[in-house]
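What follows is each chain in one-letter form.
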Amino acid sequence: MAVITYREALNRALREEMERDESVFLIGEEVGEYDGAYKVSKGLLDQFGEWRVRDMPIAENGFAGLGVGAAMAGLRPVVEFMTWNFALLAYDAIVNSAAKMLFMSGGQFNIPIVFRGPGGAALQLSAQHSQVPDPWYANIPGLKVCAPATPADALGLLKSAIRDADPVVFIEGELLYNVKGEVPDGEHLVPIGLADIKRAGEDVTIVAHSKMVQVALAAAEKLATEYEVEAEIVDLRSLRPLDTDAVIASVKKTNRAVVVQEGWPIAGIGAQIVDDIQREAFDDLDAPVARVSGLDVPMHYARPIEKLIVPSVDHVINAVKHVCYLD
């Protein structure tokens, strides 16, 4: 085991897969000479050269489309967006080309491509740079969507995504890059579509993904210390496909559920999870399912308001107290 950052785990995944398979290459804005906007591609240009680590112009739909064409030709592109906010410009290439090509070609073209980059709020990046794109892509048939919360999962899921025959949207929580965690030595793969129990508990299930897993874990420790409530944390890891079985099994054990998402409440990932729980575990619930979401407003620049908008440890604790009838 080694303790590395989330950023270093992603870099290791890219390096290992590029060493393993010569058809894997990386394109995006500043991925080469600058080592990536968040230094995820540090050192890759020096090792693999400019034909496999290629700086692109500020034209997201253009280089995303280039990646789709390369995947159709048998290569395995990794397309980095400086932020998923900028990928709105590439939505057509991702949704109308990558996601639909296998279907529209009658099975003739697999699209083994990974679209990756940071998503969600960081610190005072305001409305156009703080959006959570998870449900925009999880809604699309033909895409797989990953949102890892730890360095080990970032490493294992990115390697699996690069090897997958289908297009994968890989969303990295922008505030997770410096998070440290243990990562296994040697080959490490995490299957796409498999959730993980990050903390065992008997009193309430907290379902989360990406950055909100860290928030949920901090809330769980405080709940145990101050209220003697043991929360079980289910980390979704993948948003499409969803590991509904893992969520339902946990809820049937604890009989209470809180679903935490960073993004807006309307049509969010949390709404899907709540629907799954009420259909599959309704008779096991001792309280209505609670949702914790970001506020239904554009992100503010002012730090005090930003802190009110993004779900916090206290928000999660209050929701757990409500479903446990402690408030």
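Above this text you will find the structure in question.
For clarity, every value in this text was computed on a predicted model and none was experimentally measured. (Residues numbered from 1 in each chain as written. Predicted model: local features only at pLDDT ≥ 70, side-chain atom pairs only at ≥ 80, totals over all residues. Heavy atoms only, no water.)

Q: Hey, could you run me through the side chain of S23 in this one?
A: With respect to the secondary-structure elements, S23 resides in the loop between α1 (6-20) and β2 (24-28). There is a polar contact of 2.7 Å between the side chain of S23 and the side chain of D21. Setting aside residues no more than four positions away along its own chain, S23 makes contact with G74, L75 and R76. (Helix = DSSP H or I, 4+ residues; strand = E, 2+ residues; numbered from the N terminus. Polar contact = N/O pair within 3.5 Å; in protein donor to acceptor, adjacent residues only side chain to side chain. Contact = heavy atoms within 4.5 Å.)

Q: When you look at the pairing of β2 in this model, what are you seeing that I'm missing?
A: Within a regular strand, side chains alternate between the sheet's two faces. The buried fraction of β2 amounts to 5 of the 5 residues, a majority that puts the element mostly inside the structure. Across the two faces of β2 the burial is the same, with V24, L26 and G28 and F25 and I27 all buried. Across 5 bridges, the pairing between β2 and strand β4 (residues 76-80) is parallel. Residue V24 lies in a different strand from β4, and its bridge partner there is R76. Across 3 bridges, β2 lies against strand β3 (residues 53-55) in parallel orientation. Considered in β3, the bridge of G28 is made with D55. (Buried < 20%, exposed > 50% of the residue type's maximum accessible area, 1.4 Å probe, protein only. Pairing = 2+ DSSP bridges.)

Q: What's the story with the sheet that holds strand β9 (residues 196-199) in this structure? I'm lost.
A: Where strands meet in a sheet, backbone hydrogen bonds hold them as pairs that are either parallel or antiparallel. Taking strand neighbours across the sheet as the criterion, the 5 strands line up as β9-β11-β10-β13-β14 in an open arrangement whose pairing is mixed. Only two strands of the sheet have a single partner each, and these edge strands are β9 and β14 (290-292). Here the strands of the sheet are splayed against their neighbours by 25 degrees on average, with no regard to which way each runs. On the sheet, helix α8 (residues 211-227) packs against β9, β10 (204-208), β11 (231-235) and β13 (257-260) and is oriented at approximately 45 degrees with respect to β9. (Axes fitted to C-alpha atoms, helices over the stretch in contact; angles between N-to-C directions.)

Q: Help me understand the side chain of D164, please; the structure alone is not making it clear to me.
A: Looking at the element boundaries, D164 is found in the loop between α7 (151-163) and β7 (168-173). Sequence-distant contacts of D164, that is, excluding residues within four places in its chain, are made with R76, P112, K144 and I192.

Q: So what exactly am I meant to see when it comes to the sheet that holds β2 here?
A: Strand order in this open sheet of 7 strands is β3-β2-β4-β5-β7-β6-β12, and the pairing throughout is mixed. Looking at strand neighbours, the two that pair on one side only are β3 and β12 (238-240), the edges of this open sheet. Here the average twist between neighbouring strands, direction ignored, is 20 degrees. Against the sheet, α1 touches β2, β3, β4, β5 (114-119) and β7, its axis set at about 150 degrees to β7.

Q: Would you take a moment to explain the packing of aromatic side chains for this structure?
A: A ring pair, where both rings are aromatic, is described by two values, the distance of the centres and the angle of the planes. As enumerated under the stated definition, the model contains 7 aromatic pairs in all. Where Y38 meets Y177, the ring centres are 5.0 Å apart and the plane angle is 25 degrees; that geometry is what we call stacked. Of this pair, Y38 sits in the loop between β2 and α2 (44-48) while Y177 sits in the loop between β7 and β8 (180-183); the two residues are 139 residues apart in sequence, bridging distant segments of the chain. Looking at Y38, the relative accessible area reads 24%, which means it is partly exposed. Residue classification places Y177 among the buried residues on the basis of a relative accessible area of 3%. Ring pairing ties together the aromatic residues F63, F81, W84, Y91, F115 and Y137, which thus form one cluster. (Phe/Tyr/Trp six-rings, centres within 6.5 Å; stacked < 30°, edge-to-face > 60°.)

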